[in-house]
Structures are given as C-alpha cells and as structure tokens.
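Survey of secondary and tertiary structure
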Amino acid sequence: MGSQPVDADLGERYPCSTMRQRQWRPAGAGCHNARGMRRDIRPTLRIWWRHWRPTGRLARFGGRSRLALLGCLAAGLAVLLAATAPVLRAQESESEKPRLLLILDASRSMWGQIDGINKIVSTRSVIGQSANQLEGKSQFGLMAYGHRQAAGCRDIETVLKMGPHKAEAITKAVNGIKPKGSTPIAAALGEGAKAVGSEQHKASIILIADGLDNCKGDPCAVASDLKAKGKDLTIHTIAFDRKEKKALEALSCVAENTGGTFASATNEGELQAALAKATALVLDPPPPAPPVAAAPAAAEQPGATAGATETAPGAEQKTDELAALDGTATPPQSETPSQAESVAPARQPTVTPAPEKKQVAAAPAPPVAVSFDALLTETGPQIKHGLVWRIFDSKPGTDGRYKLINTYREASPTTELKPGQYLINAAYGLSHLTKMVTVQGGEAIKETLVLNAGGLRLGSTMANGQKLPPNSVNYDIFADESDQFGNREKVIGDAKPGLIIRLNAGAYHIVSTYGDANAIVRADVTVEPGKLTEATVNHAAARVTFKLVTKPGGEALADARWSILTPGGDVVKESAGALPSHILAAGRYTVLARYQGKDYSRDFAIDTGEVKQIEVVIR
C-alpha cells in the first residue's frame, strides 16, 4: 500500500481502507468497520468519540469495553473535582470577605505632636493593634499619600494591594511610611476607589487625615461621584488633630455622602476607638432595617450607628543615619510633664449593690520592682546615656501640677513602686515621652519607652558660600504647627551652630538670625527618627559701618544717633555712637543721622557679602 502525505487539516482524511495501518482515523458515514461492513457512529457517544475512534485492537473491542473506558474517565473526573473543590471553596470564601482599604495621611504635618507623641507614631501604633482584627477576616489594602516627596499632589501609593494580609505584613507596611509632603485627599479617594474595586464589589474605605486637601481638590464632590459610580461604596472618615478639630469637621461630608461615619480624634485613645468602631462596621455591618409593616405600630428599627511644605529656599537639608546624639545644647527639662499620655475615658459600669459585709482592713501591698529603658526608635538602639527619668503621681494636685516622686539620670534605672498608676517621663535632650504605667502587686515589671528621637545640627553661610562665624548666628526652633493667630510654640531659643540638638522626630520651623538687625531667614526642616539631620541656612546680607563727617573722608563725629529705615519708612535698627556697625539683609535703605538737633540722611544699597562703610556728610 502506497504511503500518502498527511493533510494538515484534521477534517480531511484518507479513505477508510488506507487507515488500517494508522493509529487513528476519523469516524464518519461511509466508512467500514474492521469486518468491512458499513456502519455509522452512534449519536449517543461523547464529543471525543464523535470526532475520533480507535483503530487496530481497540476497534475490535465491543460496546461494553467502550462503556467501561467511559466509566474510568468519569471516575477520574470525579476524583479531580473532589480534589479541587476545597480550593475552589476557599477562593470563593476569600472573595466573599469584606473589602477594606485604609488610606493614611502621610503629609508632613503628621510629624506634629499630641501629648508629646508624633501623630504618625500614634497612628502606626493604633493600626498595628488593629491588624489582628483584620487578619483572616477581610480583603485588606493600604494606601498612603504625601510620604515620598517633599511636595507633590500626585504622591499617592498603594502600599499593600488588596488581599488577605497577615497582621505582621500590615504592621510592617505602616511602620515603613514616613510623612514628608502634601495632602491630596480628593485624588487619593479616587485612586482608592480603583484599588478597592468599588465599581465591581461592595467595598469600604477608612480615611485617617490630620488636615484638609491642599491640592485644590474637592473631597466631598469626589465622594459623591464615587458613591454614584460604585456598586456599594462606603467611606468612613477619621480626623486626627487637636488644634484643628473644628476645621477638620469639613471632612464629615465625605462620610455623609457615602453613608459612612465621621469621627474626630484628639488623642491616641480616641483614634484607637474611632478606628476600631469603623473597622467593626466594615467587618460586621449591622443588619438592614426591616420593612415597616402595614400595622398600627411600626416594627422597631435598629439604632443607627453614631458616629506639606518643602524646605524653605534659604535652607539646605541633609539627613544621615544617626550613630550617636552627643553635643546637645538644651536647657534642663521641667520637673512637671506638660501633659500625660492620653487615655480614653472609661465608661462607668452599673453596679448592683451587694449585701453589706463587715469590712476587714487589708494589709498594704508590698512595693514592686520596676525598671525602665528607652529606645531611640522602634527598632533600636537602646539609649545608653543622656537620659533623665522622672516619675510623677498620675493625678494632678489642686494647682493642676503633678507631684514629682523621683528623678533618675541612669540609662536603665530600677526602683520600687507601690501598686498604682504613675506617669513615667523620659527626656533625652529636647526629645521626651510621657507614658502612663500601671503597677500591680506581684512580679517585677520592666517598661520600655520608644522616644522616636532624631538629631538636628544647624549651620549658616552667606548666599555666596562664605561660612559665617559661629558666634554671629543664633537659631530659634519652633514647632511646625501654629494656633489660630499664627503663633508657634518655641521649642528652644538661641541655639548655636554646629551642636547636635536632640528632638522628637517631626517637622520644625527654624528662624536663623545673623547679626543684630534684619538679616533673618526662616526655614522648615524635618527630623527623622534615629537620624541626624544637618540643615544649612543661607543668608543674603552684609556688614555695614556708619560715620558722620564734616567732609568726605573726615573723622567720625561722636554723639550721633542713627536710624536705619526701609524705603517705606519702617525702622530697621537704631543705635548711637561714632562708628556703629550692623549686619543688614541685602536691599535698599535710608540712614538718618541726628547730630546737635539736626538730621542728615543718605540712601544706600546692600549686596550679599559686600562690606561697606557709609559716610553721611554734614552740609
């Protein structure tokens, strides 16, 4: 029998008589079986049998053999389905879990402090505690804005994609977020809706913010639009700030427009309670209200659930890993902490009076050994020197001050305290932390305080790069936040260049004064935990000496009084003497000399670094 080429088209085959020696042949009308008798394929066979049927030995098998083969295939398919069923059920179970995206404000203002603790530190702690509540119960995602650029309205990142994350992964992700830049809330909500898949799934977003949108966005309008487009989107909003509590109520519309809740948190305890409440509403939402029956009395309804700036142009900032924080120039700490660590107020329980019993005086509980140590950051190292520990009574006296119990200047002091509550304050330069500690009778306890401290070293140069003498410059360091009148809290005054100043991590406002007049530069810097930040302030100024003469080049006259004025007539500096010398910022001025009841004036200009002597001639 001659060989024939095999067609590429499976639909075209050779005559049945030529397929006897081949492994397979097509089945169709007109072909003959092994005995040469014409037969048709039974329509009851499966699709695979309709297109192909075996030849050779298999072709001689009877119908029972083929049915047995089909039975084997069916049994194998059943085993396969049984093996994959748990996986399919698990995937289906995961997809049915609540979808929750947490959007975290990581703008620079989150370095601000409440009760001596950076807001970002409190937020990390609270989210870390909530991580166990989320593990295994939700499809969770984490998004942050303002943490990668000093300023940028597109600085929005999905830190954790939606998924069944472990508590450790959530905690690690949030601890890696470091505040830095702007507050694009509206844009973050839009990106968050995409990340949580709100158009395809029922989903929830929890927003934690300490400020309003500063990127010209409208979070309220965006929330309404997302609610209309989404399948079932709910946004819960938590405003976390004490000074701006009233202003942050503007974010309540985000929750109202999506059916979520709004909470205002002014300390860590309130933040923890607000996040726990919002999370509980996502993981275990209340049942829908039952329909009102057409009866005289309506069915009872379930109760409703209640509810960055870049471094200034005059400063250059560099941050390095901090090996040690020595050389601190700081004043001694106050013997009274400014405020204790906030604790959410406890709700008073209702107690049923018990039958009166004869009271027996209990023996006083013995003191308990308590030891303390402090870490520079959450991951260490331990602070070995420079610490001042103060232990206060937890309740203020009638004058509002806390009673100081003891002071220690060791790295890891150990003391004995009677059972009760105490305020433990650890000061490390200007970095400090106060913590409420409860001592109970029994075994000795050890408390570790994480200061999240960093170092700041300041220096100054002329705008042309010339280094300024250290004794000619001083710095005032202020907190980044200001009150409604624009006033800032001064952290330290008259700081000197070159020294390391130990501070709580966060943003600060620096006022650098060169000389005794108007050569003042303001700058913003950020101190990161465990790192040394070096900031150089650039001054555009020069030293000027004045003298009053009767003729050009003559001797300076004594007893002259001087006033340096701006072009608008504002007084910059006043002095007296024959040769007064001042450092003035670059610009144009008028000097006025008063001598023996008469005034003499002259206009002049100052350029950066140009030392001048200005003569005023009596005419």
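Anyway, here's the lowdown on the structure attached to this text. (Residues numbered from 1 in each chain as written. Predicted model: local features only at pLDDT ≥ 70, side-chain atom pairs only at ≥ 80, totals over all residues. Heavy atoms only, no water.)

**Some points on the side chain of Ser-204**
What counts, and what does not: Every helix listed is a DSSP run of H or I at least four residues long, and every strand listed is a run of E at least two residues long, numbered separately from the N terminus. The cut-offs for exposure are 20% and 50% of the maximum accessible area for each residue type, with area from a 1.4 Å probe on protein chains only; residues under the lower value are buried, those over the upper are exposed, and the others partly exposed. Between two residues, a contact is recorded if the distance between any of their heavy atoms is within 4.5 Å.
Within the fold, Ser-204 resides in strand 8 (residues 202-209). On the basis of relative accessibility, which here comes to 11%, the residue Ser-204 falls in the buried class. With residues up to four places along the chain from it excluded, the contact list for Ser-204 reads Arg-99, Leu-100, Leu-101, Val-196, Leu-233, Thr-234 and Val-282.

**Some details on the packing of helix 3 (residues 119-134) against helix 4 (residues 167-175)**
Operational definition: Orientation is described by axes fitted as lines to C-alpha atoms, over the contacting stretch for helices, and by angles from 0 to 180 degrees between their N-to-C directions. Under this scheme an angle from 65 to 115 degrees is roughly perpendicular, one under 35 degrees roughly parallel, and one over 145 degrees roughly antiparallel; angles in between are oblique. In this scheme the crossing of two helices becomes right-handed for a clockwise turn of the near helix relative to the far one and left-handed for an anticlockwise turn of less than a right angle. Polarity classes work like this: nonpolar for Ala, Val, Leu, Ile, Met, Phe, Trp, Tyr, Cys and Pro, charged for Asp, Glu, Lys and Arg, and polar for all others, with Gly in that last group.
The interhelical angle for the contact between helix 3 and helix 4, taken along N-to-C directions, is 160°, at an axis separation of 8 Å. The angle between helix 3 and helix 4 falls in the class roughly antiparallel. The hand of the helix 3/helix 4 crossing is right-handed. Seen from helix 3, the contacting residues are Arg-124, Ile-127, Gly-128, Ala-131, Asn-132 and Leu-134; seen from helix 4, they are Ala-167, Ile-170, Thr-171, Val-174 and Asn-175. Residue classes in the contact of helix 3 with helix 4 are distributed as six nonpolar, four polar and one charged.

**Digging into the sheet that holds strand 27 (residues 561-565)**
Here is the rule we go by: Pairing between two strands requires that DSSP report at least two bridges joining them.
Strand order in this open sheet of four strands is 28-27-30-31, and the pairing throughout is antiparallel. Single-partner strands in this sheet number two, and they are strand 28 (571-576) and strand 31 (598-606). Strand-to-strand twist of the sheet, defined as the mean angle between neighbouring strand axes without regard to direction, takes the value 20°. In terms of strand pairing, strand 27 meets strand 28 through five bridges, oriented antiparallel. Residue pairing for strand 28: Arg-561 is matched across the bridge by Ala-576.

**Overview of the sheet that holds strand 10 (residues 262-265)**
Here we have six strands laid out as an open sheet, ordered 7-6-3-8-9-10, and mixed in their pairing. The sheet is open, and its two borders are formed by strand 7 (156-163) and strand 10, each paired with just one other strand. Mean inter-strand twist for the sheet, computed between neighbouring axes without regard to direction, equals 15°. Two elements, strand 8 and strand 9 (residues 232-240), share eight bridges in a ladder whose sense is parallel. By the bridge assignment for strand 9, Leu-207 is matched with Thr-237. Strands in contact with helix 5 (residues 185-196) are strand 3 (99-105), strand 6 (139-145), strand 7, strand 8 and strand 9; relative to strand 3, the strand with the most contacts, it is inclined by about 155°.

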